[in-house]
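Spelled out from the first residue to the last, the chains are:
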Amino acid sequence: MAARDPKAEAPEWWRETPAALAQALGSGPQGLGEARAREALERYGPNVLVPRHRRTALAELLLRFRNPLVLLLVAAAAVSAGTGDVASALIVVAVLAASVTLDFVQERRAGDAVERLRALVRLTATAIRDGAEREVPAAELVPGDAVRLAAGDLVPADGVLLAARDLYLNQATLTGEPFPAEKHAAARAGEADSPADCDGVALMGGHVVSGTATLLVVRTGAATQLGGVAGLIEARARPNPLEIGARRFGLMILRLTVFMVLFVLLVNALAHRPLLESFMFAVALAVGLTPELLPMIVSVTLARGALRMAAQEAIVKQPAAIYSLGALDMLATDKTGTLTEGRIELERHLDAEGADSERVLELAFVNSAFETGLKSPLDQAILRHRHIALEGWRKVDEVPFDFERRRVSVLADAPEGERLLIVKGAPEELLARCDRYARAGGDAAELDGAARGRAQALFESLGEQGMRVLAICWREVERTRTVATVGDEEHLTLAGFAAFLDPPRADARAALAELAARGVAVKILTGDNERVASHLCTVLGLRVEGVLLGRDIERLDFEALATAAQQATLFCRVSPAQKTRIIAALRQRGHAVGFMGDGINDAPALRGADVGISVDGAVDVAKEAADVILQRHDLMVLLAAIVEGRRTHGNIMKYLRMGTSSNFGNMFSMAGATLFLPFLPLLPVQVLLNNLLYDLSEIPIPFDRVEDAETRSPRTWNLAPIRSFMLVFGPLSSLFDFLTFGLLLWAFHAGQELFRTGWFVESVASQVLVIFLIRGRAGPFAGRPHPGLVAAALAVVAAAALLPFTPAAAFLGFAAPPAPLVAAISALVARYLLLVGAVAQRLAARLFP
């Protein structure tokens, strides 16, 4: 293992020269060797701010025993064994172990599935190893690695620049400064007090706005500047709708559980029943009432949804985002590549008078070829349109593109000897900075009011034809000028316009119609002008309710924007900051908002949305900010993901319906029975066995089918319908339980064992079979249940019915019931199910959230 070098690990490493740091780390422009990189990874650890250490299987299993109710039952079983009742103690422990193992196995498998999906979207970096460039996981970068950076890349670690060309970094994560900082490779040591202020240093958390560079990694993971303040700058994660709903449901059940347990203990104490037996019965009742399977059902359902989404080319980074997808009622998206083919072609290159112009094409080509920022689709279309030889042209400097100026400038020497500043950008911005225009003959004339009006009309006419337009301008400067600045972008000569077409996607019209049918309103946020965007909406059949321009948004306060944003469909000429404001305003009005973006400027809005959605080909900073990555840039893929989110919601609701109908009713009946029965209605071990069988029947719920009605509109967790469900079906279940009590006591004169046997069978059958009646709005067997659910339910009911006839019956306190009693219980359960089905059908709209 390499010895630690004090120079490389000095607290103020940025004050050292790049050459000294490279020597200390055994590296340089050719990077590290693979063998040395492996040693360094073992020494420094993974390049992550907070290492994710997944617990071992044994640790996860043991954590299940931290549940207070489980610990109480284990303690009670130990007391039973100590007092000589070893058989009961062993049965309690066996039932508990089976229940805990069931929960552990299902959640562990769900966690494994999620980890496999996360591996598909992990960030990589281009590192130089053994002199060759290769993609390596960013988490495996080590001090001494040489990493290539290009526009759109996240800076994966802290380090010094060995080489840089026209490099601009956004460092807002650390410095709060919204504007990009220019960086240079420096041969000398830095003198600033902070590494963020050094021209030759790049820090983790920044991203490349434009240019290219080679970075020598010096610090990784928690040792970086970002790692040192991670706890301070990390945004507190907003609770998602799933977490909020589960917490509220859990608290509601907890209050009922505490009340019933205290009630049972009080009644048994007043009846002078055995203290230990009463205590174990109360704890077993609490276990039966507690939705201990809810975390497992949610985990497995989400993992199942994530796997189904992956099969449809959508990778979920955080499983809870699946549920949030199902709640979406608004989708904000750019149009390029989502509503259009993303295959932009340069259609026309015109001078200011509307004539075809080779000079406009040449200037546009030179600007795009020399620009070092992330090549936009428009740049790529210019370079692809026709190759123009650059012999005689020489780049001097550039002012990179940014989303406030909406233009890029290149300072270059032309073959004829003059030095030109060539500017390409949004016509709305550049026309105001031009005071001359180039005529067809090549000479320049003053851009007076009439000429400016003709140029404006030409630009608008192209936009109304659905074309995206760039203005191409130039200005001659003195030969001695070697640096271009924003201030130079004045007194320009308008060469003309480059016009592009991006045809609508063939499936976009159908996707928009289906989104609208499923309750998702689409908002288009674009940097284009309103004419191009409106033309596209007309072609795709998207009704435009209103248009907001960037300048309008700038004038609105937050409340006014929230009102206007709800009513508008198009948001044109918007900046990245305005996109984030729009998302926040819509969320403030109670909407669940998804944002779909793939560019450097989209990262803030992706983080600000309820669900950030990006695509596999997006820049690193966008993919890092997103919750969901689409492997195909297609609204149909997103639509399938939204439907999957609603399907997930539907299956979670099935579990809650079961828990708030027969199961809750049976436990309520059990508590009520202690008032008039001279014995416990069920032994503690029988209550636990009842709960275990009930849990076994629910395992296939995440795999069940969901009827189409459940996916037609946004789904959120609403406790009001759940309470209504409980208030309707809980008492209905208890009514039939008390009828069973009367049947057992007065018709069959059952003793303790036969009473417990009869009610045990009726209880299991009623609470398990009811799932087929409350699965959805369409009544019994809505949408055909999954075969696994049918098999599990019937197997559990059969096991409960046959158990009293097995040798284990004596150990469990059961007695074989006579045939007439079996027939009577079967008839009673059938009547109960028929009544539940009728009530559910009648009250479906109110009871099915």
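Criteria and thresholds
Residues numbered from 1 in each chain as written. Predicted model: local features only at pLDDT ≥ 70, side-chain atom pairs only at ≥ 80, totals over all residues. Heavy atoms only, no water. Helix = DSSP H or I, 4+ residues; strand = E, 2+ residues; numbered from the N terminus. Buried < 20%, exposed > 50% of the residue type's maximum accessible area, 1.4 Å probe, protein only. Contact = heavy atoms within 4.5 Å. Areas by Shrake-Rupley, 256 points an atom, 1.4 Å probe, with all protein chains shown as cover. Polar contact = N/O pair within 3.5 Å; in protein donor to acceptor, adjacent residues only side chain to side chain. Phe/Tyr/Trp six-rings, centres within 6.5 Å; stacked < 30°, edge-to-face > 60°. Salt bridge = Lys/Arg side-chain N within 4 Å of Asp/Glu carboxyl O. pLDDT = per-residue confidence, 0-100. Pairing = 2+ DSSP bridges. Axes fitted to C-alpha atoms, helices over the stretch in contact; angles between N-to-C directions. Parallel < 35°, antiparallel > 145°, perpendicular 65-115°, else oblique. Nonpolar A, V, L, I, M, F, W, Y, C, P; charged D, E, K, R; others polar. Left-handed = near helix turned anticlockwise from the far one by under 90°.

The helix and strand tally for the chain stands at 32 helices and 23 strands. When each of the 849 residues of the chain is scored for burial, the buried share is 55%. Taking as baseline every contact in the chain between residues at least 6 positions apart, the subset at least 24 positions apart corresponds to 74%. Here the chain displays about 34,700 Å² of accessible surface, and carbon together with sulfur accounts for 58% of that area.

Here we come to the side chain of His649. Looking at the element boundaries, His649 is found in helix 24 (residues 635-659). Within polar-contact distance, the side chain of His649 engages the backbone oxygen of Thr716 at 3.3 Å.

Structurally, Ala186 can be placed in the loop between strand 5 (181-183) and strand 6 (201-202). Setting aside anything within four residues of it in sequence, one finds Ala186 in contact with Pro18, Leu161 and Gly200.

This part takes up the packing of aromatic side chains. If you walk through the whole model with that rule in mind, you get ten aromatic pairs. Judged by centre distance (4.8 Å) and plane angle (45 degrees), the rings of Phe760 and Phe814 are tilted. Here Phe814 lies in the loop between helix 30 (809-812) and helix 31 (819-842) and Phe760 lies in helix 28 (residues 752-769), a separation of 54 residues in the sequence. Overall, the relative accessible area of 0% leaves Phe760 in the buried class. Taken together through their ring pairs, the aromatic side chains of Phe676, Phe679, Phe738, Phe741, Phe755 and Trp759 make up a single cluster.

For residues besides glycine, phi is generally negative; the peptide bonds are generally trans as well. Positioned with a positive phi, Arg406 is a non-glycine residue whose angle comes to about 60 degrees. Secondary-structure assignment places Arg406 in the loop between strand 11 (394-402) and strand 12 (407-413). Taking the relative accessible area as the measure of exposure, Arg406 reaches 17% and is therefore buried. Positive phi is not limited to glycine here, since His491 has a value of about 55 degrees. Along the polypeptide, His491 turns up in the loop between strand 16 (468-477) and strand 17 (492-501). For His491, a relative accessible area of 57% puts it in the exposed group.

Moving on: the pattern of salt bridges. This structure, assessed with the given rule, holds 41 salt bridges. Between Asp443 and Arg439 there is a salt bridge, with the nearest N and O atoms lying 3.7 Å from each other. Residue classification places Arg439 among the partly exposed residues on the basis of a relative accessible area of 39%. A salt bridge links Asp602 to Lys579; the nearest nitrogen and oxygen atoms lie 3.0 Å apart. Within this pair, whereas Asp602 is found in the loop between strand 21 (593-596) and helix 22 (603-608), its partner Lys579 is found in helix 21 (residues 576-588), the two being separated by 23 residues in sequence. The two residues Asp602 and Lys579 agree in class, both being buried.

A few words on the confidence of the model for the chain. Mean pLDDT over the chain works out to 83, with 87% of the residues at or above the 70 mark. Averaged over each element, pLDDT in the chain is lowest for helix 8 (residues 230-233) (44) and highest for strand 13 (residues 419-425) (96). Note that pLDDT drops below 50 for residues 1-8; the model gives that stretch 20 contacts with residues more than four away or on any other chain. The low-confidence segment residues 231-237 (pLDDT under 50) makes two contacts with residues lying over four places distant or belonging to another chain.

With that out of the way, let us pick up the sheet that holds strand 21. The eight strands are arranged 8-23-22-21-9-18-20-19 in an open sheet whose pairing can be described as mixed. A single partner strand is all that each edge strand has here, and the edge strands are strand 8 (314-316) and strand 19 (547-549). The average angle at which neighbouring strand axes cross in this sheet is 20 degrees, direction not considered. When strand 9 (residues 330-333) meets strand 21, the two strands line up parallel, connected through four bridges. Following the sheet pairing, Leu331 is matched in strand 21 by Gly594.

This part is about the pairing of strand 3 (residues 146-150). On a regular strand, each side chain points to the face opposite its neighbour's, so the side chains alternate between the two faces of the sheet. Sheet topology note: the strand 1 (residues 124-129)/strand 3 ladder contains three bridges and is antiparallel. The partner of Thr126 across the bridge, within strand 3, is Arg148. Pairing between strand 3 and strand 7 (residues 207-219): five bridges, direction antiparallel. Within the sheet, the bridge partner assigned to Leu149 lies in strand 7 and is Ala213.

Attention shifts here to the packing of helix 11 (residues 294-311) against helix 12 (residues 320-327). With their axes 8 Å apart at the nearest point, helix 11 and helix 12 run at an angle of 75 degrees to one another. Taken as axis vectors, helix 11 and helix 12 run roughly perpendicular relative to one another. Every residue of helix 12 that contacts helix 11 at Leu302, Gly305, Ala306 and Met309 is listed here: Ala320, Ile322, Tyr323 and Leu325. Partitioned by chemical class, the residues of the contact of helix 11 with helix 12 number seven nonpolar, one polar and no charged.

Bringing the packing of helix 13 (residues 358-370) against helix 14 (residues 377-385) into the picture now. The interhelical angle for the contact between helix 13 and helix 14, taken along N-to-C directions, is 120 degrees, at an axis separation of 9 Å. Considered as vectors, helix 13 and helix 14 are oriented oblique to each other. Our pair here, helix 13 against helix 14, has a crossing hand that is left-handed. When helix 13 is examined against helix 14, the residues Leu361, Ala364, Phe365, Ser368 and Ala369 are found in contact with a partner set consisting of Asp379, Ile382, Leu383 and His385.

What follows concerns the environment of Glu554. Locating Glu554 in the fold gives a position in helix 19 (residues 550-555). By relative accessible area, Glu554 is classed as exposed at 56%. Spatially, the C-alpha atom of Glu554 lies 7.7 Å from that of Gln578, the residues being 24 residues apart in sequence. Within polar-contact distance, the side chain of Glu554 engages the side chain of Gln578 at 2.8 Å.

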